[in-house]
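Residue-level structural notes
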Amino acid sequence: MFKLSITLTLTACAFLLLPLEKSSNAEPSKQAPQQTAINLTRLYSDTCAKCHGEQGEGGGAGTKTLLTLEKFGPQYDKLFFDAIKKGVPDMGMDAYGPTMSDETIWGLVVHIRELQNKYTEALVAGPKETEGVYTSQRAKFRLETVVEKGKGLAVPWGLDWLPDGKMLITNRPGALRLSQNGEVGPEITGIPATREIGQGGLMDVAVHPNYAKNGWVYLALTDPSPTDPKAGMTKIVRGKLKIEGLTAAWYDEQTIYKSKPETYSPSGAHFGARIVFDKKGHVFFSHGERGSGEKAQDLTLPNGKIFRVNDDGSIPKDNPFVKDPNQLPGIWSWGHRNPQGLVMDLKGNLWDTEHGPRGGDELNVIQKGANYGWPLIATSINYNDSPLVLPWPKEGQNFALPTLRWLPSIGACGLDVVQGSAFPEWKGDLVAGGLAGNGPVFRIRVQNGKVVEEEKLFWRQGRVRDVAVGPDGLVYVALNQPDKIIRLVPVK
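Residues numbered from 1 in each chain as written. Predicted model: local features only at pLDDT ≥ 70, side-chain atom pairs only at ≥ 80, totals over all residues. Heavy atoms only, no water.

Looking at the overall build of the chain
Cut-off, in case you're wondering: Labels follow the DSSP assignment, with helices taken as runs of H or I lasting at least four residues and strands as runs of E lasting at least two, numbered in each case from the N terminus. Two things to know: the radius of gyration comes from C-alpha atoms, and the globule rule equals 2.2 Å times the number of residues to the power 0.38. Only the protein chains shown count as cover for residues, and all accessible areas are computed by the Shrake-Rupley method using a 1.4 Å probe. Charged residues are defined narrowly, with Lys and Arg counted positive, Asp and Glu counted negative, and His plus the chain ends left uncounted. Taken as the charge location is NZ of Lys, CZ of Arg, CG of Asp or CD of Glu.
From N to C terminus, the chain includes six helices and 28 strands. Against the globule reference of 23 Å for 492 residues, the chain gives a C-alpha radius of gyration of 23 Å, in line with a compact fold. Along the first, second and third principal axes, the C-alpha atoms of the chain reach 75 × 60 × 40 Å. Just so you have it, the chain exposes about 20100 Å², and 51% of that area is on carbon and sulfur atoms. Each charge class in the chain was averaged separately, 56 positive and 54 negative side chains, and the resulting centres sit 1 Å apart.

See below:
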């Protein structure tokens, strides 16, 4: 069966013999090693296409198509890799492990995945839609606009709700607003200064689970550097709101987390910045590696980490890195790239979704003290179409591996868990969004640590910036391009 599976994936192909490549740094940010002078599209065209076709359609030497849904599954990742590295002698395919680096071989697998996606995307476009009703695997729903384009939204980034049903919306350029019944109030006055640097600005908003008693609202934002007008860093604050209708003022601000001034960066990339609470008085927040991947492996720096602090910003005594004075005591996990989805599920498990470079977005269950490997492992290639690293740890490396990988990337952004009575068929499932790939929203069911169901609920509505389940149990989605808020409403 193993040999048969390999034979179905890659058959006879007259690869060019290439010298082993030398590794170098991936990008100017030095975020990962990369192979030099190799363009994977050209390599595939020169060495694979004569048998497998330019688009993977097969043909030459009797090879079969690679463009099937079955072969697109992640269970074929290692089989594709082994077929190239070790060859398929029964089908006349040589082994190319002696002449290609493992990173290059994996890069060819990623390229094949990209070819497959072009074909299979239309086959997994999501539930069938008839007269506005979507029929998914377990529920029917329709899409309803909550806040129209032009109603005061500008790159809406984060959503949360107050106990009275008013929705808080962050706009990345720097505005926090209240919304109810489709209306959006004026900018809330008094919120902290922020700077829109590339992907950064005013990002997440999270209402404390005991808001009715304490009134705290938390914000994740790009804090401007006091010395460099082009630099900033992710900061977490909390404050209270004085509200009259949809007009509000921010007051009593407190800093929950702030990096040291010397860590501030002019990079416009990878701020992370999602906030969630557990039921034990802790707040978790994600911090991107700011385009400097090597810093994700440095426990003295905030880059590429998920933090856990008490809800007042103090450090829990049972955090994993509190005993070493040279390490940041707030770190809960490390080795992340850009976590832009973060949620506590109904069983108390913490999950994130995060961006890979080109390919390899991840869904991870976040474990205390675990290292998630960036930039030393990734199921990705570089943006410039060159090889990057391998998706598997090498001997001696102890990295937590993703529960799910998206290849090609979806631009993972926004993550929540379904609860409430609106969609009982989805209760406990994760809902995850993406900025790329025509803006998909996925429903994911995990059992015993494995994904047992994954379906694309819809796409092509806009870039999905946030996915949040409201107090009514409906699934709300913040879209960019166009800037609007929509929701999934059940249809019985």
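Let us keep going from here.
Quick look at the side chain of Asp-345
Threshold: For the exposure calls, accessible area comes from a 1.4 Å probe over protein chains only, and a residue counts as buried if that area is under 20% of its type's maximum, exposed if over 50%, partly exposed in between. Definition used for salt bridges: Asp or Glu carboxyl oxygen within 4 Å of a side-chain nitrogen of Lys or Arg. Polar contact is the term for a pair of N or O atoms within 3.5 Å; when the atoms are in protein, one must be able to donate a hydrogen and the other to accept it, and sequence-neighboring residues count only if both atoms are side-chain atoms. The contact criterion used is simple: two residues touch if any of their non-hydrogen atoms lie within 4.5 Å.
As for its position among the elements, Asp-345 is in the loop between strand E18 (339-344) and strand E19 (350-354). Buried within the structure, Asp-345 lacks any salt-bridge partner; Lys-347 is the closest side chain of opposite charge, at an N-O distance of 6.9 Å. Within the local environment of Asp-345, its side chain forms a polar contact with the side chain of Trp-351, the two groups lying 2.9 Å apart. Every residue in contact with Asp-345, bar those within four places of it in the chain, is listed here: Trp-351 and Val-417.

A look at the confidence of the model for the chain
Keep this limit in mind: The predictor attaches a confidence to each residue, called pLDDT, with possible values from 0 through 100.
Residues at a pLDDT of 70 or more form 92% of the chain, whose mean pLDDT is 91. Note on residues 1-32: pLDDT is under 50 here. Beyond four places in sequence and across chains, it has 110 contacts.

A short note on helix H2 (residues 40-47)
Put simply, the rule reads: Directions drawn from the helix axis to the C-beta atoms are what define this arc.
Within the span of H2, buried status applies to Leu-40, Leu-43, Tyr-44 and Thr-47. Along the long axis of H2, the arc covered by the buried residues comes to 95°, so they all point the same way.

A word on the packing of helix H4 (residues 77-86) against helix H5 (residues 102-120)
When two helices pack together, you describe them by how their axes are tilted relative to each other and by the distance separating the axes. Under the convention used in this document: Think of each axis as a best-fit line through the C-alpha atoms, taken over the contacting stretch in the case of a helix, with angles from 0 to 180 degrees between the N-to-C directions. Small angles under 35 degrees read as roughly parallel and large ones over 145 as roughly antiparallel, with 65 to 115 read as roughly perpendicular and the rest as oblique. Helix crossings fall into two classes, left-handed where the near helix is turned counterclockwise from the far one by less than a right angle and right-handed where it is turned clockwise. Put simply, Ala, Val, Leu, Ile, Met, Phe, Trp, Tyr, Cys and Pro go in the nonpolar bin, Asp, Glu, Lys and Arg in the charged bin, and everything else, Gly too, in the polar bin.
One can describe the packing of H4 onto H5 by two numbers: an axis separation of 9 Å at closest approach and a directional angle of 125°. Accordingly, the angle class assigned to the pair H4 and H5 is oblique. Read as a crossing pair, H4 and H5 show a hand that is right-handed. Counted together, Asp-77, Phe-80, Phe-81, Ile-84 and Lys-85 of H4 and Asp-102, Ile-105, Trp-106, Leu-108, Val-109, Ile-112, Arg-113 and Gln-116 of H5 form the full contact between these two elements. Taken together, the residues that form the contact of H4 with H5 break down as eight nonpolar, one polar and four charged.

Considerations on the environment of Tyr-96
Positionally, Tyr-96 belongs in the loop between H4 and H5. Each C-alpha atom of the pair Tyr-96 and Ala-248 lies 64 Å from the other, and the pair is 152 residues apart in sequence.

Some points on the packing of aromatic side chains
Any pair of aromatic rings gets described here by the distance separating the centres and the angle formed by the planes. Short version of the rule: Any pair of Phe, Tyr and Trp rings, taking the six-membered ring for Trp, is counted once the centres come within 6.5 Å. Such a pair is stacked with planes under 30 degrees apart, edge-to-face with planes over 60 apart, and tilted for the rest. Only when the NZ of Lys or the CZ of Arg is both within 6 Å of the ring centre and within 35 degrees of the ring normal is a charge said to sit over the ring.
All chains considered together, the criterion is met by 14 aromatic pairs. Ring centres of Tyr-134 and Phe-141 lie 5.1 Å apart, and the angle between their planes is 0°; this geometry places the pair in the stacked category. Assigned by exposure class, Tyr-134 and Phe-141 land together as buried. Here the aromatic rings of Phe-141 and Trp-426 are separated by 5.9 Å at their centres, their planes lie at 70°, and the arrangement is edge-to-face. In this pair, Phe-141 is assigned in strand E5 (residues 140-147) and Trp-426 in the loop between strand E22 (412-417) and strand E23 (430-434), connecting sequence segments 285 residues apart. Both residues of the pair, Phe-141 and Trp-426, belong to the buried class. Ring-pair connections join several aromatic residues into one group, and the members of that group are Tyr-134, Phe-141, Phe-423 and Trp-426. Across from the ring centre of Trp-216, 4.7 Å away, lies the NZ or CZ of Lys-240, which sits over that ring. Sitting over the face of the ring of Trp-374, Arg-337 holds its NZ or CZ atom 5.3 Å from the ring centroid.

A word on empty space enclosed by the protein
If a probe as big as a water molecule is rolled over the atoms, it shows which places are left empty. What counts is decided by this rule: We place a 1 Å grid over just the protein atoms. Points where a 1.4 Å probe fits but has no way out form a cavity, open points with protein on both sides within 12 Å along at least 5 of 7 lines form a pocket, and any residue with an atom within 4 Å of a point lines it. Grid points are joined across faces, edges and corners, and a volume is the space filled by probe spheres set on the points.
Across all of its chains, the model carries two cavities of 30 Å³ or more by this definition. Looking at the largest cavity, its volume works out to about 60 Å³. Taken together, Arg-337, Glu-354, His-355, Gly-356, Gly-360, Glu-362, Tyr-372, Trp-374, Ile-377, Ala-378, Thr-379 and Ser-380 form the lining of the largest cavity. Its residues placed into classes, the lining of the largest cavity shows four nonpolar, five polar and three charged. There is about 40 Å³ of room inside the second largest cavity. Lining the second largest cavity, in full, are Glu-362, Tyr-372, Ile-377, Ala-378, Thr-379, Pro-391, Leu-401 and Pro-402.

Things to note about the environment of Ala-95
By the element assignment, Ala-95 lies in the loop between H4 and H5. Residue classification places Ala-95 among the partly exposed residues on the basis of a relative accessible area of 35%. Taking C-alpha positions, Ala-95 is 5.3 Å from Lys-85, a pair spaced ten residues apart along the chain. Apart from residues no more than four positions distant in its own chain, Ala-95 is found in contact with Ile-84, Lys-85, Lys-86 and Gly-87.

As for the sheet that holds E22
What counts is decided by this rule: Strand pairing follows a simple DSSP-based rule, namely that at least 2 bridges must link the two strands.
If you walk across this open sheet you meet the four strands as E22-E23-E24-E25, and the pairing is antiparallel. Only two strands of the sheet have a single neighbouring strand rather than two, namely E22 and strand E25 (450-458). Across this sheet, the average inter-strand angle for adjacent strands is 25°, counted without regard to direction. Relative to E23, E22 runs antiparallel, the two sharing four bridges. Across the sheet, Asp-416 pairs through a bridge with Val-431, a residue of E23.

Brief notes about the nonpolar core
Taken as a class, soluble globular proteins show a tendency for nonpolar side chains to be buried jointly. How we decide: By nonpolar core is meant a set of buried Ala, Val, Leu, Ile, Met, Phe, Trp, Tyr and Cys residues that side-chain atoms within 4.5 Å join together.
Counting residues in each nonpolar core, the largest one holds 33 residues, and the members touching the most others are Leu-159, Met-167, Phe-423, Ile-485 and Leu-488. At the level of elements, E5, strand E6 (156-161), strand E7 (167-171), E25, strand E26 (463-469), strand E27 (475-480) and strand E28 (484-490) are the ones that each hand at least two residues to this core. Sort the elements by how many residues they give to this core and E27 lands first, with five residues. Those residues in contact with Met-167, other than ones at most four positions away along the chain, are Val-146, Val-147, Leu-159, Asp-160, Trp-161, Arg-177, Leu-178, Ser-179, Tyr-476 and Ile-485.

A word on the pattern of salt bridges
Evaluation of the coordinates by the stated rule reveals 24 salt bridges. Note that Arg-443 is salt-bridged to Glu-453, the shortest N-O span being 2.8 Å. Residue Arg-443 is located in strand E24 (residues 441-447), and its partner Glu-453 is located in strand E25; the two are separated by ten residues in the primary sequence. Accessibility assignment for this pair places Arg-443 and Glu-453 in one class, buried.

Topic: H5
Put simply, the rule is: A helix's residues, less one, multiplied by 1.5 Å, set its expected span.
For H5, which comprises 19 residues, the first-to-last C-alpha distance of 27 Å matches the rise-based estimate of 27 Å (1.5 Å per residue) to within 8%. Among the 19 residues that make up H5, 15 are buried, leaving the element largely enclosed by the rest of the structure.

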